[in-house]
Amino acid sequence: GAVVSQHPSWVICKSGTSVKIECRSLDFQATTMFWYRQFPKQSLMLMATSNEGSKATYEQGVEKDKFLINHASLTLSTLTVTSAHPEDSSFYICSARPPRAGGYGYTFGSGTRLTVV
Amino acid sequence: AQKVTQAQTEISVVEKEDVTLDCVYETRDTTYYLFWYKQPPSGELVFLIRRNSFDEQNEISGRYSWNFQKSTSSFNFTITASQVVDSAVYFCALSEAGSARQLTFGSGTQLTVLP
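A brief structural summary. (Residues numbered from 1 in each chain as written. Chains lettered and ligands numbered in written order. Predicted model: local features only at pLDDT ≥ 70, side-chain atom pairs only at ≥ 80, totals over all residues. Heavy atoms only, no water.)

To continue, consider the overall build of chain B. Check the secondary structure of chain B and you find zero helices and twelve strands. When the helices and strands of chain B are listed from N to C terminus, the series reads β-β-β-β-β-β-β-β-β-β-β-β. For chain B, the C-alpha radius of gyration of 14 Å lies close to 13 Å, the compact-globule estimate for 115 residues. Considering chain B as a whole, with its 115 residues, one finds that 46% of them fall into the buried category. Taking the contacts inside chain B whose residues are at least 6 apart along the sequence as the reference set, 56% of them involve residues at least 24 apart. Taken as two groups, the 9 positive and 13 negative side-chain charges of chain B have centres that lie 5 Å from each other. (Helix = DSSP H or I, 4+ residues; strand = E, 2+ residues; numbered from the N terminus. Rg over C-alpha atoms; globule rule 2.2 N^0.38 Å. Buried < 20%, exposed > 50% of the residue type's maximum accessible area, 1.4 Å probe, protein only. Contact = heavy atoms within 4.5 Å. Lys, Arg positive; Asp, Glu negative; His and termini not counted. Charge placed at Lys NZ, Arg CZ, Asp CG, Glu CD.)

Pasting the structure below:
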């Protein structure tokens, strides 16, 4: 149980286009999901906290107009990279906390490798 | 503010050697959780262990063991008799008991086990 499905696994897009990444909790409801970004050979950095039914909370330095987060249901959060540029190429991974984990367990999606050309 | 430090950027060992990955954390909370994750080249994060701040017992799981010492704010991870399949990046992470409860990751340690 406690599976988070993330799609797509990888995507290549042209500079200036937008890309949407989906994160679904398959067998539990997630009121909160987290979006991380990982550049090559670096750690995972929290970009934003996605809250169902309300605005996302962005970390300092993350452009909210560029990285649009929508958490319209208890099982789906989406991250849209708008007007992507090569510097946005990175590994994006989402995470959620299954309720029965006591609020301190985390389940991660398999990640999305974005390449902007 | 919470912080996790993994001072070892890269470690190489020969198969069957033991290896310890260090993790030092900082937090003002008295209630928090510590984690270790493994990230193979494919990128997905593999959960290894979660430990709460009130449980300082060491834990052993097969070839893996963890040493949690609050006195030194450390949560070190040892792999005994390492294998080539253990090659991966290992992350230590911390979650405080605050309302946000997001995970803060260390910078990771790239472990390479040579045959």
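Our next topic: the overall build of chain A. A count of helices and strands for chain A gives zero helices and eleven strands. Secondary structure of chain A in N-to-C order comes out as β-β-β-β-β-β-β-β-β-β-β. Against the globule reference of 13 Å for 117 residues, chain A gives a C-alpha radius of gyration of 13 Å, in line with a compact fold. Structurally, chain A occupies a C-alpha span of about 40 × 25 × 20 Å along its principal axes. Counting every atom, chain A has about 5,700 Å² of accessible surface; 53% of that belongs to carbon and sulfur. A gap of 4 Å separates the mean positions of the 11 positive and 8 negative side-chain charges of chain A. (Areas by Shrake-Rupley, 256 points an atom, 1.4 Å probe, with all protein chains shown as cover.)

Turning to the interface of chain A and chain B, a few remarks are in order. Taken together, the contact pairs 19 residues of chain A with 21 residues of chain B. Contact between chain A and chain B buries roughly 1,600 Å² in total, counting both sides, with carbon and sulfur atoms accounting for 56%. Every element with two or more residues in the side of chain A that touches chain B is listed here: β4 (32-38) and β9 (90-96) of chain A. In terms of residue count, β4 of chain A provides more of the side of chain A that touches chain B than any other element does, three residues in total. When its residues are assigned to classes, the side of chain A that touches chain B shows ten nonpolar, six polar and three charged. (Buried area = accessible area lost by both parts, 1.4 Å probe. Nonpolar A, V, L, I, M, F, W, Y, C, P; charged D, E, K, R; others polar.)

By the element assignment, Q6 of chain B lies in the loop between β1 (3-5) and β2 (10-14). With near-sequence residues (within four places) excluded, Q6 of chain B lies in contact with D22, W36, Y90, F91, C92, G106, S107, G108 and T109 of chain B.

It is worth spelling out unusual backbone geometry at this point. All names here are of chain A. The omega torsion of the bond from H7 to P8 falls at -5°, within 30 degrees of zero and hence cis. Inspection of the secondary structure assignment puts P8 in the loop between β1 (4-7) and β2 (10-13). A positive phi angle, close to 60°, is found at K41, a residue other than glycine. Within the element layout of this structure, K41 appears in the loop between β4 and β5 (45-51). Under the relative-accessibility criterion, K41 is labelled exposed at 84%.

Our next topic: the nonpolar core. Of all hydrophobic cores here, the largest spans 26 residues; its most connected members are W35, Y58, F67, I69, L79, Y92 and L114 of chain A. Every element with two or more residues in this core is listed here: β2, β3 (19-25), β4, β5, β7 (67-73), β8 (76-81), β9 and β11 (112-116) of chain A. In this structure, F77, I79, Y90 and C92 of chain B belong to the second largest nonpolar core, which totals 24 residues. (Core = buried A, V, L, I, M, F, W, Y, C linked by side-chain atoms within 4.5 Å.)

Our focus in this paragraph is the pattern of salt bridges. Between side chains of opposite charge, a pair can form when the charged atoms approach closely. Overall, the coordinates contain five salt bridges over all chains when judged by the stated rule. Measuring nitrogen to oxygen at the nearest pair gives 2.9 Å for the salt bridge that ties K66 of chain A to D88 of chain A. Placement of K66 of chain A in the loop between β6 (57-58) and β7 and of D88 of chain A in the loop between β8 and β9 is noted, with a sequence separation of 22 residues between them. In this structure, K66 of chain A and D88 of chain A share a single accessibility class: buried. As a salt-bridge pair, R51 of chain B and E59 of chain B come within 2.7 Å of each other at their nearest N and O atoms. (Salt bridge = Lys/Arg side-chain N within 4 Å of Asp/Glu carboxyl O.)

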